[in-house]
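An overview of the molecular structure
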Amino acid sequence: QAFETFLRAHGYTRSDLIPLRYARLQEPAPAAQPAVVQAYRSQVQTLAHILLPQVRARAQVLAQLEQLFHQHPDAPLFDSLPGAGPLLAPALLAKFGDHRDRFPVAADVQALAGTCPVTERSGKRKRVKFRRGCDKEFRRIAQQFALASLSQSGWASAYWQEIRPHCHSDSHASRILANRWLAIIWKLWQTRQPYDEAYHLQQRARRRTLKSPRV
């Protein structure tokens, strides 16, 4: 039960594979031969000395990034996104930028990030295909955030469970969820408001009520 809770907290969605993953963790780990351990001991120590400055430099850069991020007036907005964390929140802010008139509608952001498909029409024929012309780094960030939100947002998790059976892969599903998220973030970005899960759920319920047929 604790292992399953851990996996779900980190966005793992393959519940059918959880028993298999747990069983593999319980298998005894093979022990290395003493001669192999002796041979690689000095090499590991050398690599550790090489990597330590890189680890410290990375920590320093992340600290600077966090400081600069929180100095930005839009930081509370992106910091409020469920699951964004100290890396994805600044990354999303950098992709959205400061100029609201750059993206007059949410579809502009979705097209730039490549989360929405391309529709081609020729006469009576219509073809919907994967969008290749986009900011691929933005797409990667958006999809990473979508996956990270699964453990922090109830509606995102429910939406994932709804769409995943109809998608070709996890990447396809995360792209669809990211597309939905970008529309939400765009609205918050335009109104300069932080994300509120309870308010968002109320608005979703209200829209469903308005769309339901009246008796």
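Here goes a summary of the coordinates provided. Since we're looking at a predicted model, the values are computed, not measured.

Observations regarding the overall build of the protein chain
Broken down by element type, the protein chain carries 10 helices and two strands. N-terminal to C-terminal, the α/β element order of the protein chain is α-α-α-α-α-α-β-β-α-α-α-α. On C-alpha atoms alone, the protein chain measures out to a radius of gyration of 22 Å, which is more than a quarter above the 17 Å that the 2.2 N^0.38 rule sets for 215 residues. Projected onto its principal axes, the C-alpha coordinates of the protein chain cover approximately 75 × 45 × 40 Å. Taking contacts inside the protein chain between residues at least 6 apart in sequence as the whole, the part at least 24 apart equals 58%. If you sum the accessible surface of the protein chain, you get close to 14,800 Å²; carbon and sulfur atoms cover 56% of it. For the protein chain, the separation between the mean place of its 32 positive charges and that of its 16 negative charges on side chains is 8 Å.

Quick word on the pattern of salt bridges
Counted according to the given criterion, the structure contains five salt bridges. One salt bridge connects Lys-95 with Glu-137, and the closest N-O pair in it is separated by 2.9 Å. Of this pair, Lys-95 sits in helix H5 (residues 85–96) while Glu-137 sits in helix H7 (residues 136–148), and the two are 42 residues apart along the sequence. Residue Lys-95 is classed as buried on the basis of its relative accessible area of 16%. Among the charged side chains, a network of salt bridges with common partners joins Lys-95, Asp-135, Glu-137 and Arg-140.

Here we look at the packing of aromatic side chains
Within the structure shown, the criterion is met by nine aromatic pairs. Seen from their ring centres, Phe-96 and Trp-189 are 5.3 Å apart, and the 65 degrees between their planes marks the pair as edge-to-face. Linking Phe-96 in helix H5 with Trp-189 in helix H9 (residues 170–191), this pair joins segments that are 93 residues apart in sequence. With a relative accessible area of 0%, Phe-96 lands in the buried category. Residue classification places Trp-189 among the buried residues on the basis of a relative accessible area of 0%. Site record: aromatic cluster; members linked through ring pairs are Phe-78, Phe-96, Phe-103, Phe-138 and Trp-189. The ring of Tyr-159 has Arg-180 lying over it, and the distance from NZ or CZ to the ring centre is 4.4 Å.

Here's the deal with the side chain of Gln-110
Considering the arrangement of structural elements, one finds Gln-110 in helix H6 (residues 106–113). Ignoring any residue separated from it by four or fewer positions in sequence, one finds Gln-110 in contact with Thr-115, Cys-116, Asn-179, Leu-182 and Ala-183.

Re helix H8 (residues 154–163)
All of the buried residues in H8 are Trp-155, Ala-156, Tyr-159, Trp-160 and Ile-163. What you see down the axis of H8 is that its buried residues fit within an arc of 140 degrees, all on one side.

Re the nonpolar core
Of all hydrophobic cores here, the largest spans 39 residues; its most connected members are Phe-78, Leu-81, Phe-96, Leu-177 and Trp-181. With 10 residues, H9 is the largest single contributor of residues to this core. When neighbours within four sequence positions are excluded, Phe-96 is seen to be in contact with Phe-78, Arg-102, Phe-103, Val-109, Phe-138, Leu-182, Ile-185, Trp-186 and Trp-189.

A few points about the state of the cysteines
Summed over all chains, the structure comprises zero disulfides. Cys-134 supplies the cysteine sulfur nearest to Cys-116, a cysteine that is in no disulfide, at a spacing of 9.0 Å. A relative accessible area of 13% places Cys-116 in the buried class.

Scoring rules and cut-offs
- Starting from 1, residues in each chain are numbered consecutively following that chain's sequence as written.
- Two thresholds apply to this predicted model, a pLDDT of at least 70 for residue-level local features and 80 or more for giving and counting side-chain atom pairs, whereas whole-chain, interface and lining totals are computed over all residues.
- Hydrogens and water are ignored here; the side-chain numbers use all heavy atoms of the structure.
- Numbering of helices and strands runs from the N terminus, with a helix taken as a DSSP run of H or I at least four residues long and a strand as a DSSP run of E at least two residues long.
- Within these notes, the globule rule equals 2.2 Å times the number of residues to the 0.38 power, and the radius of gyration is based on C-alpha atoms.
- Note on definitions: a residue-residue contact is assigned when non-hydrogen atoms from the two residues lie within 4.5 Å.
- Note that accessible areas follow from Shrake-Rupley with a 1.4 Å probe, and for residues the cover is restricted to the protein chains shown.
- Residues scored as charged are limited to Lys and Arg (positive) and Asp and Glu (negative), so that His and the chain ends carry no count.
- Here the site of a charge means atom NZ of a Lys, CZ of an Arg, CG of an Asp or CD of a Glu.
- When a carboxyl oxygen of Asp or Glu lies within 4 Å of a side-chain nitrogen of Lys or Arg, that pair is called a salt bridge.
- When accessible area is computed with a 1.4 Å probe and restricted to protein chains, residues below 20% of their type maximum are described as buried, those above 50% as exposed, and intermediate ones as partly exposed.
- When two rings of Phe, Tyr or Trp (its six-membered ring) have centres within 6.5 Å they constitute a pair, described as stacked for plane angles under 30 degrees, edge-to-face for angles over 60, and tilted for the intermediate range.
- Either the NZ atom of lysine or the CZ atom of arginine qualifies as a charge over a ring when it sits within 6 Å of the ring centre and within 35 degrees of the ring normal.
- Regarding the arc, it is the one traced by the directions from the helix axis to the C-beta atoms.
- To define a nonpolar core, start from buried Ala, Val, Leu, Ile, Met, Phe, Trp, Tyr and Cys residues and group those joined through side-chain atoms within 4.5 Å.
- Pairs of cysteine sulfur atoms within 2.5 Å are identified as disulfides in what follows.

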